[in-house]
Amino acid sequence: AAPAPSAFHRPRAGGSRLQFHTQLAHGSPTGRVEGFTSARELYAKIAEAFRMDPAEIMFCTLNTHKADMDKLLGAQIGLEDFIFAHIKGQRKEVEILKTDDVLGLTITDNGTGCAFIKRIKEGSLMDQTKMVCVGDHIETINGKNVSDRRHYEVAKMLKDLEKGQMFKLELIEPMKAFEKLEPRSKGGALPEAKISRGRETLRLRTKGPATVEEMPTEVEEKAIKKVDELLETYMGIRDIELAATMVEAGKDKKNPDEFAVALDETLGDFAFPDEFVFDVWGAIGDAKQGRL
C-alpha cells in the first residue's frame, strides 16, 4: 500500500531543536529527524534514520509520497510538514537524436549533488521520448558522470549538445511503491502558494544556521515565483531555494548595481548574465509595487 502518515504531527521541540517526521516515499516505518540546518544535513539525518547512504536520496517531497514536483522540499519546511524521501530505484539508458535546439527539459537538484528532471515541456523532443520521466536523476551524459554537478551545469551540458547528433543519457528513476502507477507527469507550473500561510517555517540556508520564521509575505511569494520562472527561461532550471535567496538578497537594495554586488557575493558560482540579473531586479520591484 502507498505509505501515508496517520496524521501530520507538529514537530516536537527537543530542547531548542525541532523534530520532524519522515518516511521513505516507497514505504517505510516513520522516522524522526532533528538538528539539521541545511538540505545536505537533512539528507544525512534521514539517511541515518533509515540506515542508508545519503547519496541514495534523490529528493524530498512535503506531505505526499508521490513524486509531485509542486511539493518539492525547498527553502522552507512548514513546522507541521511531513517529509517523504525518494530514493534511487531502477537505472535505465536511452539514446536520443537531437533534432531540435531545445530539448524541453527543466532541471533542478536537491542541493547535494543530484540533478533531476523537474519538468518536461509538452510536445518537446523529450516529451516524445517516453523512457525519460519527471523525477529521473541524470547520472551520465554521453558516458560523462554528472552526479556531482549542480543543476545549472547539467542544464548547460544538455543545451550545448550538438544538433543532429545522437546522445546517450543514463538515468535513475525514483523507487516506486507497489501500487498502481499513474500516467507520466509533465511536471506542472508552481502553485500560487507553495505552503499555506499562517504557519511558521524552518528556513534552510546554504550558508549560516537555519531559522524559524514566518511564512514569506504574499509580495515575497509572488517575487519568488517570478524569479523561479526567470531561472527556467534563462538557465533551464527551477530552484525555489535559489529564487528565495535571490529575493532575500534584493529586498533591501536600492538599485540594480547594489543587487548585482550582493548576488556576486552570495551566488558568484552561477555567473548569472547581466540581463538576467536586471530582469530579477525588475521582478522584485514589480512585486513590491503590486504589478505581479
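Residues numbered from 1 in each chain as written. Predicted model: local features only at pLDDT ≥ 70, side-chain atom pairs only at ≥ 80, totals over all residues. Heavy atoms only, no water.

- Naming follows an unreviewed UniProt entry, where the chain appears as GIPC1 protein of Rhynochetos jubatus.
- Taken verbatim from the UniProt record of the chain, the Sequence similarities (unreviewed entry) comment is "Belongs to the GIPC family." (UniProt positions renumbered as here; feature names shortened; annotations may be inferred.)

**Side note on the overall build of the chain**
Line of reasoning, step 1. Helices and strands together make up the secondary structure of the chain, namely six helices and 13 strands.
Line of reasoning, step 2. Sorting the 292 residues of the chain into buried and exposed places 48% on the buried side.
Line of reasoning, step 3. For the chain, the proportion of contacts with a sequence separation of at least 24, taken over those separated by at least 6, is 63%.
Line of reasoning, step 4. Of the roughly 14500 Å² of accessible surface on the chain, 49% is carried by carbon and sulfur atoms. (Helix = DSSP H or I, 4+ residues; strand = E, 2+ residues; numbered from the N terminus. Buried < 20%, exposed > 50% of the residue type's maximum accessible area, 1.4 Å probe, protein only. Contact = heavy atoms within 4.5 Å. Areas by Shrake-Rupley, 256 points an atom, 1.4 Å probe, with all protein chains shown as cover.)

**Thoughts on the pattern of salt bridges**
Opposite charge on two side chains lets them pair, provided their charged atoms get close.
Line of reasoning, step 1. As enumerated under the stated definition, the model contains 18 salt bridges in all.
Line of reasoning, step 2. Ionic pairing is found between glutamate 139 and arginine 91, a salt bridge with its closest N-O pair at 3.0 Å. Here the residue glutamate 139 occupies a position in strand E9 (residues 137-141), and arginine 91 occupies one in strand E6 (residues 83-97), the gap between them amounting to 48 residues.
Line of reasoning, step 3. Residue glutamate 139 is classed as buried on the basis of its relative accessible area, which comes to 12%. (Salt bridge = Lys/Arg side-chain N within 4 Å of Asp/Glu carboxyl O.)

**Some points on the nonpolar core**
Line of reasoning, step 1. Of all hydrophobic cores here, the largest spans 79 residues; its most connected members are Ile138, Leu158, Leu169 and Phe272.
Line of reasoning, step 2. Residues within four places of leucine 158 in sequence aside, it is in contact with Lys98, Leu103, Leu105, Ile107, Ile138, Ile141 and Leu169. (Core = buried A, V, L, I, M, F, W, Y, C linked by side-chain atoms within 4.5 Å.)

**A look at the packing of helix H4 (residues 240-250) against helix H6 (residues 274-288)**
Line of reasoning, step 1. Running from N to C, H4 and H6 cross one another at 75 degrees; their axes reach a closest spacing of 10 Å. The angle between H4 and H6 falls in the class roughly perpendicular. For the pair H4 and H6, contact is made by Met246, Val247 and Gly250 and by Phe276, Val280, Trp281, Ile284 and Lys288, respectively.
Line of reasoning, step 2. Counted by class, the contact of H4 with H6 contains six nonpolar, one polar and one charged residues. (Axes fitted to C-alpha atoms, helices over the stretch in contact; angles between N-to-C directions. Parallel < 35°, antiparallel > 145°, perpendicular 65-115°, else oblique. Nonpolar A, V, L, I, M, F, W, Y, C, P; charged D, E, K, R; others polar.)

**Some points on the side chain of glutamate 232**
Line of reasoning, step 1. Looking at where glutamate 232 falls in the secondary structure, it is placed in helix H3 (residues 218-235).
Line of reasoning, step 2. Setting aside residues up to four positions removed in sequence, glutamate 232 forms contacts with Thr106, Arg119, Ile237 and Arg238.

**Focus on the packing of aromatic side chains**
Line of reasoning, step 1. For the structure on display, the rule yields eight aromatic pairs.
Line of reasoning, step 2. Judged by centre distance (5.8 Å) and plane angle (50 degrees), the ring pair of phenylalanine 20 and phenylalanine 36 falls under tilted. Here the residue phenylalanine 20 occupies a position in strand E2 (residues 17-24), and phenylalanine 36 occupies one in the loop between strand E3 (31-34) and helix H1 (39-49), the gap between them amounting to 16 residues.
Line of reasoning, step 3. Classification of phenylalanine 20 as buried rests on a relative accessible area of 1%.
Line of reasoning, step 4. Here tyrosine 234 and phenylalanine 276 contribute two aromatic rings whose centre-to-centre distance is 5.2 Å and whose plane-to-plane angle is 65 degrees, an arrangement assigned as edge-to-face. A residue pair is termed long-range when its members are at least 10 positions apart, and tyrosine 234 in helix H3 and phenylalanine 276 in helix H6 qualify at 42 residues.
Line of reasoning, step 5. Residue class for phenylalanine 276 comes out buried when judged on its relative accessible area of 0%.
Line of reasoning, step 6. In this structure an aromatic cluster arises from ring pairing among Tyr152, Tyr234, Phe270, Phe272 and Phe276. (Phe/Tyr/Trp six-rings, centres within 6.5 Å; stacked < 30°, edge-to-face > 60°.)

**Some details on H4**
Line of reasoning, step 1. Most of H4 is tucked away, with nine of its eleven residues classed as buried.
Line of reasoning, step 2. Regarding H4, the residues found buried are Ile240, Glu241, Leu242, Ala243, Ala244, Met246, Val247, Ala249 and Gly250.
Line of reasoning, step 3. The secondary structure elements touched by the buried residues of H4 are strand E12 (200-203), H3, helix H5 (256-267) and H6.
Line of reasoning, step 4. Of the residues that open H4, the one with a side-chain oxygen 3.1 Å from the backbone nitrogen of glutamate 241 is aspartate 239. (Polar contact = N/O pair within 3.5 Å; in protein donor to acceptor, adjacent residues only side chain to side chain.)

**Observations concerning the sheet that holds strand E13 (residues 211-214)**
Line of reasoning, step 1. Strand order across the open sheet formed by three strands is E5-E12-E13, with antiparallel pairing between neighbours. In this open sheet, the two edge strands, each paired with only one partner strand, are strand E5 (76-78) and E13. Strand-to-strand twist in this sheet, taken as the mean axis angle between neighbours without regard to direction, amounts to 35 degrees.
Line of reasoning, step 2. Two strands pair when backbone bridges link them, and E5 and E12 are joined in this way by three bridges, in the antiparallel orientation. Bridging from a neighbouring strand, glutamine 76 pairs with arginine 203 of E12. (Pairing = 2+ DSSP bridges.)

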